[in-house]
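# Commentary on secondary and tertiary structure
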Amino acid sequence: MSGQSPESSSLGPGGSDPVLTRSAAGEAPSQTPAGQTPPPPRQNQVIRELLRGNVVTTILAIVLAMLIGGILVALTDPEVQSAAGYFFARPQDTIIAVWQSFAGAYSALFRGAIWNYEADTFVRAIKPITDTLNFATPLIAAGLGVGLAFRVGLFNIGARGQMLMGIALAATVATTVQAPLLIHLPLTIAAGLLGGALWGGLVGFLKARTGAHEVILTIMLNFVAFYFVAWLLATPGLLQRPGGTQPISSPTPVTAQFPSLFPAPLTVNWGFIVAIGATVFVWWLVERSSLGFRMRAVGENPFAARAAGVNVERIIFYAMAFAGALAGLAGVNQISGTITSGFGSGIDAGIGFDAITVALLGRSKAWGVFAAGILFGALKAGSFTMQVSQDIPVDIVVVVQALIVLFIAAPPLIRTIFFLPKDDSEVSAKRRARRAAKAGAA
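What counts, and at which threshold
Residues numbered from 1 in each chain as written. Predicted model: local features only at pLDDT ≥ 70, side-chain atom pairs only at ≥ 80, totals over all residues. Heavy atoms only, no water. Helix = DSSP H or I, 4+ residues; strand = E, 2+ residues; numbered from the N terminus. Buried < 20%, exposed > 50% of the residue type's maximum accessible area, 1.4 Å probe, protein only. Contact = heavy atoms within 4.5 Å. Areas by Shrake-Rupley, 256 points an atom, 1.4 Å probe, with all protein chains shown as cover. Salt bridge = Lys/Arg side-chain N within 4 Å of Asp/Glu carboxyl O. Phe/Tyr/Trp six-rings, centres within 6.5 Å; stacked < 30°, edge-to-face > 60°. Axes fitted to C-alpha atoms, helices over the stretch in contact; angles between N-to-C directions. Parallel < 35°, antiparallel > 145°, perpendicular 65-115°, else oblique. Nonpolar A, V, L, I, M, F, W, Y, C, P; charged D, E, K, R; others polar. Expected span 1.5 Å × (residues − 1). Patch = residues over 30% accessible without salt bridge, like charges linked within 9 Å, V, L, I, M, F, W, Y side chains within 5 Å. Core = buried A, V, L, I, M, F, W, Y, C linked by side-chain atoms within 4.5 Å.

Glancing now at the overall build of the protein chain. Broken down by element type, the protein chain carries 19 helices and zero strands. Expressed as a percentage of the 442 residues in the protein chain, the buried residues total 42%. The long-range fraction of contacts in the protein chain, counting pairs at least 24 apart against all pairs at least 6 apart in sequence, stands at 70%. With the model as given, the accessible surface of the protein chain reaches about 23,200 Å², and the carbon-plus-sulfur share is 66%.

Moving on to the pattern of salt bridges. Going through the model one piece at a time under the given rule, you end up with seven salt bridges. For the salt bridge of Arg-90 with Asp-93, the shortest nitrogen-to-oxygen distance reads 3.2 Å. Overall, the relative accessible area of 44% leaves Arg-90 in the partly exposed class. Note that Lys-207 and Glu-214 form a salt bridge whose closest N and O atoms lie 3.0 Å from each other.

Quick look at the environment of Pro-253 now. Position of Pro-253 relative to the elements: it lies in the loop between helix 10 (214-234) and helix 11 (270-287). With sequence-adjacent residues up to four places away left out, Pro-253 is seen in contact with Ala-174 and His-184.

The subject of this paragraph is unusual backbone geometry. Residues Ala-264 and Pro-265 are joined by a peptide bond in cis, for which omega reads 10°. Phi angles above zero are rare outside glycine, and Ser-364 is one such case at about 65°. The topology assignment puts Ser-364 in the loop between helix 15 (351-361) and helix 16 (366-390). Its identity as a non-glycine residue notwithstanding, Phe-419 has a phi of 55°, on the positive side. Mapped onto the secondary structure, Phe-419 falls in the loop between helix 18 (411-417) and helix 19 (424-441). The exposed category is assigned to Phe-419, whose relative accessible area is 76%.

Under the defined criterion, the tally for this structure stands at 14 aromatic pairs. Each ring, one from Phe-228 and one from Trp-231, has its centre 6.0 Å from the other, and the planes form 35°; the classification is tilted. One end of the pair, Phe-228, and the other, Trp-231, are both in helix 10, three residues apart, so they sit about a helical turn from each other.

The packing of two helices is summarised by the inter-axis angle and the distance between the axes. The N-to-C vectors of helix 6 (residues 91-113) and helix 7 (residues 122-151) enclose an angle of 80°; their axes lie 6 Å apart at closest approach. When the axes of helix 6 and helix 7 are compared, the pair comes out roughly perpendicular. Contact residues: helix 6 offers Arg-111, Gly-112 and Ala-113, while helix 7 offers Pro-128, Ile-129 and Thr-132.

Before going further, it helps to examine the packing of helix 12 (residues 290-300) against helix 14 (residues 312-338). At a minimum axis distance of 10 Å, the contact between helix 12 and helix 14 shows a crossing angle of 105°. With respect to their mutual orientation, helix 12 and helix 14 come out roughly perpendicular. Here Leu-291, Arg-294, Met-295 and Val-298 of helix 12 come into contact with helix 14, specifically with Val-312, Ile-315, Tyr-318, Ala-319 and Phe-322. In terms of residue class, the contact of helix 12 with helix 14 is made up of eight nonpolar, no polar and one charged.

Turning our eyes to something else, we now look at helix 17 (residues 395-408). Across its 14 residues, helix 17 extends 20 Å between first and last C-alpha, which sits within 8% of the 20 Å expected from 1.5 Å per residue. Among the residues of helix 17, Ile-396, Val-397, Val-400, Gln-401, Leu-403, Ile-404, Val-405, Phe-407 and Ile-408 are the ones counted as buried. Among the structural elements, helix 4 (54-75), helix 6, helix 15, helix 16 and helix 18 are those in contact with the buried residues of helix 17.

A cluster of nonpolar residues, Phe-110, Ile-114, Trp-115, Tyr-117, Phe-122, Val-123 and Ile-129, forms a patch on the protein surface that exposes about 630 Å² of accessible area. The dominant element in the nonpolar patch, judged by the number of residues it contributes, is helix 7, at three residues.

Counting residues in each nonpolar core, the largest one holds 97 residues, and the members touching the most others are Leu-144, Leu-148, Phe-343 and Ile-404. Other than its neighbours up to four places away in sequence, Ile-404 contacts Ile-62, Ala-65, Leu-361, Leu-375 and Leu-379.

That is the geometry; function is a separate question.
Here it is, written out as structure tokens:
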């Protein structure tokens, strides 16, 4: 017997505990069992989660779409095509021409959408950003409506029809009511909200009561709304301008127009402030209210929500009514902020369908849709400068928008291209595929 107790036998030389000795020396005691790999540092896990998050993939999707758009611009540039004819003799000419085409296109986009650094005055220099906000305002409102429906599991592609019905009712109030600005403009906005809510609520009611698919309903009601507005504009005594025969409405009275936020030539008006208010409202409704909680529950799993006591049919109706009201707000901005001299049947300007893209890019979140609307407003504002100064077709911007949606809809593709960490669902799916392949081989 050595005469040592069991406790003293585990001590180091001199009877000291090695763990306590390391702690006294300023070293952290190791909690990892012997033979096992220590876990990665916490900062590595944070970076990994950040790199495979929605924000990074969205930004990289936009960057990749811009790069491909720049390549398309270069391929259609006559100077690049001419230099490519003698590429092997003087390759530097082709490279320089490609760079000049690429840089010229996106510098023109920047000058037309953010800051015109070639302008003579400060006001002219900042005018592009106000144009961007002006174009973004209806996209934000309509995108919020589409995104809200997405959160409830409804594919609302009827923002065009809801816009048009909001425009029809808002224009009726604007041209028939005579009142001061503080009364006339709110009445016009309320009429637009009501018109869109009725048209969207009709879809929700039919789906909830009959089970009809909202995609079919919204497609058909888009056509109904378009031809209804066309009839109103072509019929004397309704929306058609008095004394004329053309299918165009009367100008929007000044008391029913959104006042400008700044003097001319700056173009942004109070409609943008209303769009900010709508964004705050949708964020509160979906993320903070009890009704929003039920909406999100129905969107995640309507069967589980019904089992928990949620009236799914009522939530569907509410969601489509709110979505329609927001699209109607976009319509109000068109006649009270963008086109105040009278409108035709094409007043929607494709905003209802662009709103689907905005909602997808914004991940159907209120502030994400707000940012996506500003991005698309910038692309639209800058496209005109690209066309005028660089002779680049506006369709290139449409291609960039389509590519953004394509890459947003395929996060695994973005992660593969940029070597980002894979999502847990992707890893588990690959593991299941390998197991199924092994089982089939066996």
